[in-house]
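Tertiary structure, described
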Amino acid sequence: PLYFVGGDVRDKFLKKAPADIDIISLIPLSQVRPILNRLNIRFTEHSNAHSRIKFKVGGLSVDVVSVQGDQLKDNLLSRDFTINAVAQSVTGQFFDPSRGLDDVKAKILRTPGGDPVTTFKNDPMRILRGIRFLSNYPLKIDSSIPSAVKETVDGLSSAKPRRIGFEFKKILQTEKPWVAAKLFAEWDVCKYISEDLNNVITLKQRGSQHRYNAWAQMLAALKKAKSRELVVNAAIMFSFIGKYKVSNGGK
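Residues numbered from 1 in each chain as written. Predicted model: local features only at pLDDT ≥ 70, side-chain atom pairs only at ≥ 80, totals over all residues. Heavy atoms only, no water.

**Let's talk about the packing of helix α9 (residues 177–186) against helix α11 (residues 214–225)**
Two measures define how a pair of helices packs: the angle their axes make with one another and the distance between the axes. For the record, the criterion: Geometry is summarised by axes, namely lines fitted to C-alpha atoms with helices restricted to the contacting stretch, and by angles between N-to-C directions that run from 0 to 180 degrees. Think of it this way: any DSSP run of H or I at least four residues long counts as a helix, any run of E at least two long counts as a strand, and we number them from the N terminus. Angle categories are assigned with fixed cut-offs, so that under 35 degrees is roughly parallel, over 145 is roughly antiparallel, 65 to 115 is roughly perpendicular, and the rest are oblique. The crossing is said to be left-handed when, going from far helix to near helix, the turn is anticlockwise and less than a right angle, and right-handed when the turn is clockwise. Only heavy atoms enter the contact rule, under which two residues are in contact if any of them lie within 4.5 Å. Classes in brief: Ala, Val, Leu, Ile, Met, Phe, Trp, Tyr, Cys and Pro nonpolar; Asp, Glu, Lys and Arg charged; the others, Gly included, polar.
With their axes 8 Å apart at the nearest point, α9 and α11 run at an angle of 160° to one another. With respect to α11, the element α9 is oriented roughly antiparallel. For the element pair α9 and α11, the recorded crossing hand is right-handed. On α11, the residues that touch Pro-177, Trp-178, Ala-181, Lys-182, Phe-184 and Ala-185 of α9 are Trp-215, Met-218, Leu-219, Leu-222 and Lys-223. Looking at the contact of α9 with α11 residue by residue, the class counts come to nine nonpolar, no polar and two charged.

**Observations concerning unusual backbone geometry**
Both trends apply: most residues other than glycine have a negative phi, and most peptide bonds are in trans. Cut-off, in case you're wondering: A 1.4 Å probe rolled over the protein chains alone gives each residue an accessible area, and that area as a share of the maximum for its type sets the label: buried under 20%, exposed over 50%, partly exposed in between.
Look at Lys-107: it is not a glycine, yet its phi comes out positive at around 55°. Note that Lys-107 resides in the loop between α4 (100–106) and β8 (108–109). Judged by relative accessible area, which is 33%, Lys-107 ranks as partly exposed. One non-glycine residue, Asp-188, adopts positive backbone phi at about 60°. Here Asp-188 is to be found in the loop between α9 and α10 (195–200).

**Looking at the packing of helix α6 (residues 125–136) against α9**
The interhelical angle for the contact between α6 and α9, taken along N-to-C directions, is 140°, at an axis separation of 8 Å. With respect to α9, the axis of α6 lies oblique. For the crossing formed where α6 meets α9, the hand is right-handed. Where α6 abuts α9, its residues Leu-128, Ile-131, Leu-134 and Ser-135 lie against Val-179, Ala-180, Leu-183 and Phe-184. A class-by-class count of the residues in the contact of α6 with α9 yields seven nonpolar, one polar and no charged.

**Focus on the sheet that holds strand β2 (residues 20–25)**
The criterion, for reference: Note on pairing: DSSP must find at least two bridges between two strands before they are called paired.
The strand order across the open sheet formed by seven strands is β3-β4-β5-β2-β1-β6-β7, and the pairing between neighbours is mixed. Each edge of the open sheet is held by one strand with a lone partner, namely β3 (44–47) and β7 (94–95). Both strand β4 (residues 51–57) and strand β5 (residues 60–66) contribute to a ladder of six bridges, which runs antiparallel. Paired with Phe-55 across the two strands is Val-62, which belongs to β5. Contacts between helix α2 (residues 29–38) and the sheet are confined to β2, β3, β4 and β5, with β4 contributing the most and set at about 20° to the helix.

**Some words on the pattern of salt bridges**
Going by this rule: Note on definitions: salt bridges are taken to be side-chain nitrogens of Lys or Arg within 4 Å of carboxyl oxygens of Asp or Glu.
What the rule picks out here adds up to 13 salt bridges. A salt bridge links Asp-63 to Arg-52, with the shortest nitrogen-to-oxygen separation between them at 2.7 Å. Taken together, the residues span a long stretch of sequence, with Asp-63 in strand β5 and Arg-52 in strand β4 at a distance of eleven residues. Taken as a pair, Asp-63 and Arg-52 share a single burial class, namely buried. One network of salt bridges, with partners in common, ties together Asp-80, Arg-129, Arg-132 and Glu-167.

**Examining the nonpolar core**
Using the following cut-off: Residues grouped as a nonpolar core are buried Ala, Val, Leu, Ile, Met, Phe, Trp, Tyr and Cys residues, joined through side-chain atoms within 4.5 Å.
Within the largest apolar cluster, 46 residues are counted, with the highest numbers of intra-cluster contacts made by Leu-128, Ile-131, Phe-184, Val-189, Trp-215 and Met-237. The element contributing the most residues to this core is α6, with six residues. For Val-189, the contacting residues outside a window of four places in its chain are Ile-127, Leu-128, Ile-131, Val-153, Leu-156 and Phe-184. Counting eleven residues, the second largest nonpolar core, distinct from the first, contains Ile-21, Leu-36, Val-62 and Val-64.

**A closer look at the pairing of β5**
Examined bridge by bridge, β2 and β5 share six bridges and lie parallel to one another. Residue pairing across strands places Ile-23 opposite Val-64, the latter belonging to β5. From the end of β4 to the start of β5, which pair antiparallel, there are two residues, and Gly-58 there has a positive phi angle of about 55°.

**Observations concerning the side chain of Arg-10**
Tracing the chain through its elements places Arg-10 in helix α1 (residues 7–13). Discounting chain neighbours no more than four positions away, the residues touching Arg-10 are Ile-83, Asn-84, Val-104, Phe-133 and Tyr-137.

Below you can see the structure in the form of structure tokens.
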């Protein structure tokens, strides 16, 4: 009674290699442990929002949580986006209460239940996750999301810095980090990541050597670099913060 869920199912359709595997077990974790022991799989146990078992197989991190059978639907509907709310049994059947497969095929980023305000209020970090998906996959944004972000984005002010850093680090390693940087400015997200970086958004540049204002120049540099390297993209973004500190009348 196991279901693959989330990124592993999504990435099959979007032709991406999964970074990890999430499994929902319909049997208690107490019954999962002896199975893993018999298979000589070494695992660790963690507990935050849910108790979980973690282990590695073939270089991939595997995360197992347990729910009762009647809670599977609620678990999926409580997830961040419909493209992550599809479960697939080990025999291949799909369980898809939010029609996430339709959204995967149509390449649309949408929240389960069509209420993104509640989704983002429940966990504002989902805003950054959404930005990461938009910069890593060829997805269109559901029309309900931008206004919901503007209504709930201040929730990031109480998020733990390590959680923001974790998502920001992953964003800088996406296929198109300049898409994320564009959304940082459009959705007023940047100030929750770095005040220094946020100052660059409105920084004007004057002089014959400058074709763009600072933020637009940074976007162009990220796009031209075509890099998924964390250090390269961080260097491009943060090299601009010194310009603000020494700016004087835009010079």
